[in-house]
Amino acid sequence: MGLNLYRSLSVLAEYLARWTAILGGLVLLAVVVMSCISITGRFIGKLGFEMGPIPGDTELVEFGIGFAVFAFLPWCQLRRGHATVDLFQNLLGPKTNRIIDFISDVLMFVAASLIAWRLCLGMLDKKSYSETTWILQIPLWNGYAAALVGAVVFVLVSAFCVLWSGRNVAGYAQ
C-alpha cells in the first residue's frame, strides 16, 4: 500500500472518529440538559405549579445514550483508550508488543464487526415488527439506526487500526 493512500486513510479514520465522538458528546449534553429540565419540571409540578416532566424523557434518554456510547467507541479505538492489561509489557520486547497490538486490533475488528452486524439485524427486526416506544410512539428501529452509525464507524476505524498495527509489525514507520 502506498504511503499517500495510507496517509489518506489515516486522515479519514481520524476525521470519522473525531466527528462521531463530537456528535456523541453533543447528544449526551442534550440528554443531560433535557433530563435536568424534566427533573426540575417534575419537582415544580409537585409544588402545585403548572409544570411537569418532559413526556417520554426516559425514551429520549435511552435513544441518546445508546447513540452516544456507540459514537465514542471509534475514538476510543483510534486513541488506544480501551482497557488493557500491561503486566508483561515491560518484560517483552518491542517486536512482541507490536505483534500483541496487532492481534488485539484484529480481535477488536472482529468484535466491532460482530456488534455492527447484530445491531443491524436487531434494527431490521424492530423495523419489520413496527415496534414503537410506549409514550412518544417513536419507531424503535430509529434508535438502532442511530447507534448503527457509530457501530459502522467503529468497524471502519478498527479496520484502519489493523492496517496501522500491521504496518507497525512489518517495520514501516508510522
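Small disclaimer: the values here were computed from a predicted structure and weren't measured. (Residues numbered from 1 in each chain as written. Predicted model: local features only at pLDDT ≥ 70, side-chain atom pairs only at ≥ 80, totals over all residues. Heavy atoms only, no water.)

Visitor: Explain the overall build of the protein here, please?
Guide: A count of helical and extended segments in the protein gives four helices and zero strands. N-terminal to C-terminal, the α/β element order of the protein is α-α-α-α. Expected size for 174 residues packed as a compact globule is a radius of gyration near 16 Å; at 21 Å, the protein overshoots this value by more than 25%. C-alpha atoms of the protein, sized along the principal axes, occupy 70 × 35 × 30 Å. Taking all 174 residues of the protein together, 27% fall into the buried category. Considering only contacts in the protein between residues 6 or more positions apart, those separated by 24 or more positions represent 76%. Between the averaged position of the 12 positive side-chain charges in the protein and that of its 10 negative side-chain charges there is a distance of 12 Å. (Helix = DSSP H or I, 4+ residues; strand = E, 2+ residues; numbered from the N terminus. Rg over C-alpha atoms; globule rule 2.2 N^0.38 Å. Buried < 20%, exposed > 50% of the residue type's maximum accessible area, 1.4 Å probe, protein only. Contact = heavy atoms within 4.5 Å. Lys, Arg positive; Asp, Glu negative; His and termini not counted. Charge placed at Lys NZ, Arg CZ, Asp CG, Glu CD.)

Visitor: Is there a simple way to explain the layout of surface pockets in this structure?
Guide: If you roll a probe as big as a water molecule over the atoms, it shows you where there is empty space left. Within this model, the largest pocket holds a volume of roughly 430 Å³. What lines the largest pocket is a set of 16 residues, among which Arg 80, Thr 84, Asp 86, Asp 101 and Ser 104 lie closest to the centre. Tallied by class, the residues present in the lining of the largest pocket amount to five nonpolar, seven polar and four charged. (1 Å grid on protein atoms, 1.4 Å probe; cavity = no way out; pocket = protein on both sides within 12 Å on 5 of 7 lines; lining within 4 Å. Points joined across faces, edges and corners; volume = space filled by probe spheres on them. Nonpolar A, V, L, I, M, F, W, Y, C, P; charged D, E, K, R; others polar.)

Visitor: Could you clarify how one ought to interpret the nonpolar core in this entry?
Guide: Soluble, globular proteins show a tendency: their nonpolar side chains are buried together. Counting 10 residues, the largest nonpolar core consists of Phe 70, Ala 112, Ala 116, Leu 119, Met 123, Ala 147, Leu 148, Ala 151, Phe 154 and Val 155. Of the residues forming this core, the biggest block, five residues, is contributed by helix H4 (residues 140-170). Counting residues in hydrophobic clusters, the runner-up holds eight residues, among them Tyr 6, Ala 13, Ala 17 and Val 157. (Core = buried A, V, L, I, M, F, W, Y, C linked by side-chain atoms within 4.5 Å.)

Visitor: Is there a simple way to explain the environment of Ile 65 in this structure?
Guide: Relative to the elements of secondary structure, Ile 65 occurs in helix H2 (residues 57-78). For Ile 65 and Asp 105, which are 40 residues apart along the polypeptide, the C-alpha to C-alpha distance reads 26 Å. Contact partners of Ile 65, with chain neighbours within four places excluded, come to Leu 28 and Val 31.

Visitor: Help me out: how do you make sense of the confidence of the model for the protein in this one?
Guide: As a note on interpretation, predicted positions should not be read in detail where pLDDT is low. Averaged over all residues, the pLDDT of the protein equals 93, while 98% of them reach at least 70. Looking at the elements of the protein, mean pLDDT is at its lowest for helix H1 (residues 3-46), recorded as 94, and at its highest for H2, recorded as 97. (pLDDT = per-residue confidence, 0-100.)

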